[in-house]
Amino acid sequence: MNDTGNCNKSKFKPPVKWLLGRELLAGLKLIAAYTFMGDKQDPKDWMKAAVIQVPHKDLDQDAYWFDFIADTGDGMRAVYNIGYLCMSDLWVAGSTGQCPEDAVALSGDAIRTQRLPRGEFLFVGGDTAYHVADTASLMERFQIPFNCAYDDLIKNGQTVGRRPIYGIPANHDYYDALDGFNRQFREPVSLDTGTANDEKDPQLGLKGFVRTQQASYVDMQLPFGWRLWGLDSQDGKMDKRQQAFFVSGFCKKLVETGELFDSSRQDAVQQELQQHAPSKLIVVTPEPSTVFGKWAKPDGALVNTFQRLGLEASFIESHAGKLDDAKCRLDIAGDTHHYERYWGSGQNEAASVNYASVVAGGGGAFLHPSHTDVAEVTINKYYPHRKDSHQLFTRALLNPLTVWQGGYIWLFGGLVALLSYFAVTIPQSTASVFQQIFSGFHPALANNDGLLSRIQSALHVDLSGANASFFDSGYCLHLIAIGLFAALLLIMWRAAKPPEKTDESTESGKLQQFMAKVTAPVVSLEVNLKADADAWRKSIVLFMVPVPAGMLLLMLLMMNHDQPHPLMAGLLMVMSGVAAVLLLCLSRRYRDILNQRNKIHRETPVFPAEFYEKIRISPEMVFEALPFWGYGLLSIAYLIFGMLRYGAYSTSVMTFNLLIIIVWLFMTAGLIAVAYFWGGQLFSKVAGKIRLALIAAWCSFLLLTVPVCLALYANWMHLLIVAAAVAAVTLLAGRIFTLDRLVKKDFPLSDQTKLGYCLLAVWSVVGIFTLIAATQGALIETGGWRLLAAFLAGAIFSCIWLGWYFAVALAFNGHNNEAGGGSRSERYRHMIRFKLTQDSLTGYVIGIDQPVEDFTREKSPVFRLVDVFTIRCNGGNPGNDAGAAN
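Just so it is clear, the model here is predicted, and its values are computed rather than measured.

Asks: Looking at this model, I keep getting lost on the packing of helix α2 (residues 76-86) against helix α3 (residues 135-155). Mind explaining?
Replies: Put simply, α2 and α3 touch, their axes get as near as 8 Å, and they point 50 degrees apart. Put simply, α2 runs oblique to α3. When the axes of α2 and α3 are compared, the crossing they make is right-handed. Taking contact as the criterion, the partners of M76, V79, Y80, G83 and Y84 in α2 are, on α3, E140, R141, F142, I144, P145, F146, C148, A149, D152 and L153. Residue composition of the contact of α2 with α3, grouped by class: 11 nonpolar, one polar and three charged.

Asks: Even after reading the chapter, I still don't get the pattern of salt bridges, so can you show me in this structure?
Replies: Between side chains of opposite charge, pairing is possible as soon as their charged atoms come close. Inspection of the entire model under this criterion finds 19 salt bridges. With a closest N to O distance of 3.0 Å, K9 and D152 form a salt bridge. Of this pair, K9 sits in the segment before α1 (22-37) while D152 is found in helix α3, placing the two residues 143 residues apart along the sequence. Pair check on accessibility: K9 and D152 agree, each one buried. Across the salt bridge formed by E376 and K294, the nearest N and O atoms sit 3.6 Å from each other. Separated by 82 residues along the polypeptide, E376 in the loop between β14 (355-360) and β15 (381-383) and K294 in the loop between β11 (280-285) and α9 (301-308) bring together distant segments of the chain. The class for E376 is partly exposed, based on a relative accessible area of 32%.

Asks: Looking at this structure, how should I read the confidence of the model for the chain?
Replies: Caution is warranted with low-pLDDT regions, since their predicted coordinates should not be read in detail. On average, residues of the chain score 85 in pLDDT, and 85% of them are at 70 or above. Ranking the helices and strands of the chain by mean pLDDT puts strand β6 (residues 122-124) first, with 97, and helix α16 (residues 507-519) last, with 51. Here residues 1-5 is modelled with pLDDT under 50, and outside its nearest four sequence neighbours on either side it reaches 13 contacts, counting other chains as well. Note on residues 196-201: pLDDT under 50 across the span, and seven contacts to partners over four residues away in sequence or across chains.

Asks: Just to check I follow, could you spell out the pairing of strand β7 (residues 163-167) for this structure?
Replies: Two faces, one strand: in a regular strand the side chains alternate between the faces of the sheet. The buried fraction of β7 amounts to five of the five residues, a majority that puts the element mostly inside the structure. Inspection of the sheet shows β6 paired to β7 by three bridges, in the parallel sense. Within β7, the position partnered with F123 by the bridge is Y166. One crossover worth recording links β6 to the parallel β7 by way of α3, and it is right-handed. Pairing of β7 with strand β8 (residues 209-211), which is carried by three bridges, proceeds in the parallel orientation. Bridge pairing in β8 links I165 to R211.

Asks: Sorry if this is basic, but what is going on with the sheet that holds strand β2 (residues 64-69) here?
Replies: One key point about sheets: their strands pair by backbone hydrogen bonds, in either a parallel or an antiparallel sense. Read across the sheet, 10 strands follow the order β5-β3-β4-β18-β17-β16-β2-β6-β7-β8 without closing on themselves; strand pairing throughout is mixed. Sheet topology places β5 (114-116) and β8 at the edges, where each strand pairs with a single neighbour. Packed onto the sheet, α2 meets β2, β3 (90-92), β6, β16 (829-836), β17 (840-848) and β18 (862-872) and runs at close to 20 degrees relative to β16.

Asks: Explanation requested: the pairing of strand β9 (residues 218-221) in the structure shown.
Replies: Where strand β1 (residues 52-53) lies against β9, two bridges are found, and the strand directions are parallel. Of the residues in β9, the one forming a bridge with I52 is M220. Sheet topology note: the β9/strand β10 (residues 227-230) ladder contains four bridges and is antiparallel. Counterpart to V218 in the pairing with β10 is G230. Hairpin connection, β9 to β10: the antiparallel pair is bridged by five residues, and F224 has positive phi, about 65 degrees.

Asks: It is not clear to me how the packing of aromatic side chains should be interpreted in this structure. Could you clarify?
Replies: Any aromatic ring pair is given by two values, namely how distant the centres are and how the planes are angled relative to each other. Scanning the model with the defined rule gives 39 aromatic pairs in all. A ring pair is formed by Y408 and W410, whose centres lie 6.5 Å apart and whose planes are at 65 degrees; its orientation type is edge-to-face. For Y408, a relative accessible area of 37% corresponds to the partly exposed category. What links up through ring pairs into an aromatic cluster is the set Y64, F66, F121, Y166, F834 and F869. Sitting over the ring of Y676, K689 keeps its end group 5.6 Å from the ring centre.

Rules of the game
- Residue numbers run consecutively from 1 along every chain, following the written order of its sequence.
- This being a predicted model, a pLDDT of at least 70 is required before a residue's local features are given, and a value of 80 or more before pairs of side-chain atoms are given or counted; all residues contribute to the totals for chains, interfaces and linings.
- Calculation of side-chain values draws on the structure's entire complement of heavy atoms; hydrogens and water are dropped beforehand.
- Axes here refer to lines fitted to C-alpha atoms; in helices the fit is confined to the stretch in contact. Angles between the N-to-C directions go from 0 to 180 degrees.
- The secondary structure listing takes helices from DSSP runs of H or I that are at least 4 residues long and strands from runs of E that are at least 2 residues long, numbered from the N terminus.
- Any angle that is under 35 degrees is reported as roughly parallel, and any over 145 degrees as roughly antiparallel; angles of 65 to 115 degrees are reported as roughly perpendicular and all others as oblique.
- Note: crossing handedness is left-handed where the near helix turns anticlockwise from the far helix by less than a right angle, and right-handed where it turns clockwise.
- Every residue pair with non-hydrogen atoms within 4.5 Å of one another is taken to be in contact.
- Under the scheme applied here, ten amino acids are nonpolar (Ala, Val, Leu, Ile, Met, Phe, Trp, Tyr, Cys and Pro), four are charged (Asp, Glu, Lys and Arg), and all others, including Gly, are polar.
- For salt bridges, the criterion is a side-chain nitrogen of Lys or Arg within 4 Å of an Asp or Glu carboxyl oxygen.
- Each residue is placed in one exposure class: buried if its accessible area under a 1.4 Å probe, protein chains only, is under 20% of its type's maximum, exposed if it is over 50%, and partly exposed if it falls in between.
- Each residue carries a pLDDT score, the predictor's own confidence in it, on a scale running from 0 to 100.
- We call two strands paired when DSSP finds no fewer than two bridges between them.
- We call a crossover right-handed when, viewed with both strands directed away from the observer, the connection leading from the first strand over the helix to the second proceeds clockwise.
- Aromatic rings from Phe, Tyr and Trp, taking only the six-membered ring of Trp, are treated as a pair when their centres fall within 6.5 Å; an angle between ring planes under 30 degrees marks them as stacked, one over 60 as edge-to-face, and anything in between as tilted.
- Ring-over charges, as used throughout, are those where CZ of Arg or NZ of Lys falls within 6 Å of the ring centre and within 35 degrees of the ring normal.

The following block contains the structure:
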């Protein structure tokens, strides 16, 4: 497979598995390191960027062409198709009109008379490979498919010249600390031959391309006065060195004098930047400025980045796509794996528009649903069509086999079911809780199962006396008190952040304003960063007092001598651990704020100078270090106190109780929190988040109860019949809810929401009847085969219920990313071929509805012309449409 000269396309791998797939698990360490320490690891400081003069061979022509892709290096067949198109001339119909599915071909004919020549360079807009863009992933999922495409072009008699390739990184490139990105895009030390690699060549050369880039951000001077800025702005943020590089291209004096960073002249500098910023500009960012029909936040990091470069934030609601008439700009990004266009002039639109925002993440990665639409701002064009997207993803997600093949989620579901069944039937510390809830529930061990009997004996506890009931009111009060203490820590953590500017007209904005008022009395340390020494010390005192006071009251409450129920003891220990972790987070947050404070100015000594000279410690280290070290030590002390106070039972009992509590908390509170904060992040109204959280709660309930009930009450035949019936009903629902008669051609958002409620209603009925069917019969004796039955039921139903959850959530605009990753579709990929003229930019969006298996065997493959859009400069004449290069 590594010999790209003899490419075996039958061994092309499908998209990576996102539902706990092997590659994802292998890359978790790097992903976690970037997530928690990415802000501390910035390789850009060591880069030396230079303005790039792009090649343009046909100087006499009145147009200049280049290609754009983003989010590549995933499904190898899709990337192979993208690579083939990027290295080919394309032909479209000469007349304008609707875009038929077969509008684009690889050769001209009587109908397709307009040639779109191969771009003079290829620009990659980030996320070059998945899950982690390291050398191995880039070689397998990016280099091999592209080199295979090159070889097939040669076999088909085409001449493929070498063109430059440029790119910017996104989060998946940063997971490898830009090492793979550096090898893929940076100019190599030795001659870049673009040949296949061997173990001695660490570079990632591509046949048909040459690497000349020196940094992870680029300023490219294009013909006709156009500029292309590729920003390395993760999460919308940009460092000062990068800002200085771009500004020096049009306002060098501001950089040399340092005025660019002079806060006292901020308004004057901003005005000068806006006045001299490039008039014809293409801005490529790692994340899109506008996506899913949602306005960008006016105080967002990307808006700030654009303003620091003197660019209008045309993509926020107050600007509504408007740009200074003297300027012309395209904002383009990947990150979201489908095509969307906002503003710009379409094929048949006569209006002259000088701004467009485009999402173009279809370079080969798994497809994101395109029918997710918040409907705050109109999407002028999208690909695939809303109807096609709904049908594709609903059928895929309601196919349990798709979810099963998406990773090891079935294994996780099986293990959760096995542990839950074990907890319900064998250890007295957990089984007794269910016996207290359900009268007559007394599962018995099989007589011949000696191993489980010995395990049950090892986990035996004496439940007589005060610790007999899990629901003891005294320890329920302990649980509530620790929860309130954890809430106090969260408030303190929130108080250490500056209050955000929010739109009070929205429900989420009102909630954030309310939280700001709640936390204001505590203190906002970052707000007082620049305050004088007295105000800063006062804020530190206010920051320190609530936590020790709360801990003291909590420990006094805990000073009774009897022991709680063993499962309650485990729950209290877990909550104590959560509080300890929050204390550590609070300590880290304070450390970051303190570092910012120390960069601004030094403090006035608290004690006489002679005192510090004797002990050789600065005044800041005496007073300011108290919260940092104090909270760190308190977290350790509180964790130890919780373990000693509640961990009075045997190690085996407490270990299992802690394990099952963590599993159950993750499957309930964890899933609900993920739905509310992650899956529902597009919702501006709290009601939408709550609705999604309730749907997640229903999914969590089914995930935990159905497999356990089947293991308790169903024999093998009963279990298999129930599983097969539910799987069949799920598949049938996927077909019914995607019928053309139910899904209209335009599939408006109102119909999508109605269909979501219908899906939820059907899922509720299916879940209820499954529970009823699972609990028919008498309790079956517990044995090894019953544990296996629980595992099998958990494996099957985790794929069924998770598919239902994603399908229903997607209908309500939730979990777009997870639904796309779970479906792993290679369909509907796209690239953009851009044409530049003196007064316009035209983008030809080429869509691949279904990837071609092998271009050497396919006689005349055709592709879709998804969109043709134009932005014009200086009020250019709409009649001067983009012509063809012949």
